[in-house]
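# Chain and residue survey
What follows is the residue order along each chain.
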Amino acid sequence: MNVPPSFPGPPPPGQPNPGQPNPGQGGQWPPTQTPIGQGPAMGPPPGPPYGQPAAFGANPVGPTAALGQTNIGGAGWTPEPPMPDSSGRKTALIIGVVVALVVLGGAAFALTRDDGSDAVKEAESINSQVQEDIDDVLDTIPTIPPITIPEIVIPTISIPEISIPPVPTLPPEATVVETVVETVVETTIPAPAINLFTGTQASEMITQVAAARAAVPLRILGALIYPEYAFVQVQDPTIPANVDEYEWRGTPSAPAPVTLTGGGELEANLFSDTEVNWAGLPALVDAALAQIPIEGAAVSHISIKRNLPFTDAVQIRVFVTGTRTSGYLDADAQGNVLAVQQG
């Protein structure tokens, strides 16, 4: 173990301690100046006696000085005789123990200081390395550009003032009348399908033709009635020699002139609309289908005219057609069946 320079060991016996005061001079050893009252002829001063070194004691002032001390007074100094050996050995032993403790304490302090210094240096090195690592990571983070949020200006909305007119009040004598409004729903009834062989459609058709001809009574030369349409030839009341034909398909058409042939008289062939039971035609249709039971039987049309040249009576003939044969039923103007002919 090396002893630090700040903790010198005791000098060997008989040698002065460098850097410590000389017991006989009170200054540095060797002396840099010659004490007053001494000269070279006096010889070198004796070494310090065994006992306490001058560095650990003081220089007492007085007529008598202890061992290792210098009496200051007069022009010179006189060394005291040494103390017995036993006292010197004890003093040297104490000094050695103290010096040893000082040396050991200094060594321990030096070791402790060195160990602490190394730990501090190591901690500072780790902190420095961590800081460098953090700086490296921060350098890799891209710089976020500043974001500028545009200023949004909300326009001022002005709500116009709404004035609510006061509700008129009724005078005390006023009478409140409750009015019930009935909702009328117009219902359109679809027109019945045209079938002049059913109901009263045949008689309604003749009434429309009479209104178009403007004749009362309506004088008829002949009429052919089909389920959905009809042809009626009538006399012109303004020109009795003329006959016009009306085609009916829901409503009468414009009159069309008819050419008359033969040697008979027109008046003998005409009859009035009031002479025929138009409402009885549906019953004659049913009778014809019942009395002419042929395959695929159906009433094709009805003919109404005078049965000339055989008779001048008005005759109703109902024609029945089938898939293989045909037939007809004859009746008078009132709907009475006269004859049935099949094939």
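Notes on the structure follow. (Residues numbered from 1 in each chain as written. Predicted model: local features only at pLDDT ≥ 70, side-chain atom pairs only at ≥ 80, totals over all residues. Heavy atoms only, no water.)

### Quick notes on the packing of aromatic side chains
The condition is simple: Stacked, edge-to-face and tilted labels apply to pairs of Phe, Tyr and Trp rings (six-membered ring for Trp) whose centres lie within 6.5 Å, assigned for plane angles under 30 degrees, over 60, and everything in between, in that order. Remark: exposure states derive from per-residue accessible area (1.4 Å probe, protein chains only) relative to the maximum for the residue type, with buried under 20%, exposed over 50%, and partly exposed in between. In this scheme, Lys NZ or Arg CZ marks a charge over a ring once it lies within 6 Å of the ring centre and within 35 degrees of the ring normal.
Scanning all chains against the criterion turns up 3 aromatic pairs. Considering the side-chain rings of tyrosine 226 and tyrosine 229, the 4.9 Å spacing of their centres and the 20° angle between planes classify their relative orientation as stacked. Of the residues examined, tyrosine 229 reaches a relative accessible area of 24% and is grouped as partly exposed. Aromatic side chains tyrosine 229 and phenylalanine 231 sit 5.9 Å apart centroid to centroid with 80° between the ring planes, which places their arrangement in the edge-to-face category. Within the aromatic cluster, the residues linked to one another by ring pairs are Tyr226, Tyr229 and Phe231. Taking the ring centre of tyrosine 229 as reference, the NZ or CZ of arginine 249 above it sits at 4.3 Å. The ring centre of tyrosine 328 lies 4.1 Å from the NZ or CZ of arginine 317, which sits over that ring.

### Side note on the pairing of strand β8 (residues 326–332)
As a reminder, the rule being used: Two strands are counted as paired when DSSP detects at least two bridges linking them. Only DSSP runs of H or I reaching four residues or more are called helices, and only runs of E reaching two or more are called strands; each is numbered from the N terminus.
The sheet contact formed by strand β7 (residues 314–321) and β8 spans 7 bridges and is antiparallel. Residue pairing for β8: isoleucine 316 is matched across the bridge by alanine 331. Linking β7 to β8, which pair antiparallel, is a turn of 4 residues. Pairing between β8 and strand β9 (residues 337–342): 5 bridges, direction antiparallel. Across the sheet, residue aspartate 330 finds its bridge partner in β9, namely alanine 339.

### Side note on the side chain of arginine 219
Quick note on the threshold: Pairing of N or O atoms within 3.5 Å defines a polar contact, subject to two protein rules: one partner must be a possible hydrogen donor and the other a possible acceptor, and residues neighboring in sequence count only if both atoms are side-chain atoms. Contacts are assigned to residue pairs that have any heavy atoms within 4.5 Å of one another.
Following the sequence through the fold, arginine 219 ends up in strand β1 (residues 219–225). For arginine 219, the side chain forms a polar contact with the side chain of serine 272, separated by 3.0 Å. With near-sequence residues (within four places) excluded, arginine 219 lies in contact with Gln233, Val234, Gln235, Glu267, Leu270, Phe271, Ser272 and Glu275.

### Quick word on a negative patch on the surface
Quick note on the threshold: Patch membership requires over 30% relative accessible area and the absence of a salt bridge. Like charges are linked within 9 Å, and nonpolar side chains (Val, Leu, Ile, Met, Phe, Trp, Tyr) within 5 Å. Only the protein chains shown count as cover for residues, and all accessible areas are computed by the Shrake-Rupley method using a 1.4 Å probe. Whenever a carboxyl oxygen of Asp or Glu lies within 4 Å of a side-chain nitrogen of Lys or Arg, that contact is scored as a salt bridge. Residues scored as charged are limited to Lys and Arg (positive) and Asp and Glu (negative), so that His and the chain ends carry no count. Charge positions are represented by NZ for Lys, CZ for Arg, CG for Asp and CD for Glu.
Taken together, the side chains of Glu132, Asp133, Asp135, Asp136 and Asp139 make up a negatively charged region of the molecular surface. Locating aspartate 133 in the fold gives a position in helix α1 (residues 85–140). Aspartate 133 gets classed as partly exposed once you look at its relative accessible area, which sits at 39%.

### Describing the environment of isoleucine 206
In this structure, isoleucine 206 sits in helix α2 (residues 201–213). Along the sequence, isoleucine 206 and tryptophan 248 sit 42 residues apart, while their C-alpha atoms lie 9.3 Å from each other.

### Looking at the pattern of salt bridges
One pass over the full model with this rule turns up 6 salt bridges. A salt bridge links arginine 324 to glutamate 295, with the nearest nitrogen and oxygen atoms 2.6 Å apart. Of this pair, arginine 324 sits in the loop between β7 and β8 while glutamate 295 sits in the loop between α4 (281–291) and β6 (298–306), and the two are 29 residues apart along the sequence. Judged by relative accessible area, which is 70%, arginine 324 ranks as exposed.

### Examining α4
Along an α-helix, a turn takes 3.6 residues, which lines up residues three or four apart on a common side. When α4 is considered as a whole, its buried residues turn out to be Leu281, Pro282, Leu284, Val285, Ala287 and Ala288. Tucked into the core, α4 has its buried residues touching α2, β1, β6, β7, β8 and β9.

### As for α2
Convention followed: Every helix has an expected span of 1.5 Å times one less than the residues it contains.
Between its first and last C-alpha, α2 extends 19 Å over 13 residues, near the 18 Å set by a 1.5 Å rise per residue. Where the residues of α2 are buried, they touch β1, β2 (230–235), β3 (243–248) and α4. Just past α2, the residue alanine 214 takes up positive phi, approximately 55°.

### Let's talk about the side chain of aspartate 273
Summarising the element assignment, aspartate 273 is placed in the loop between β5 (271–272) and α4. Although aspartate 273 is buried, it makes no salt bridge; arginine 219 carries the closest opposite charge, 8.0 Å away. Look past the residues within four positions of aspartate 273 in its chain and what remains in contact with it is Ile206, Pro217, Leu218, Ile220 and Trp278.

Everything listed here is a matter of geometry and, on its own, says nothing about what the molecule does.
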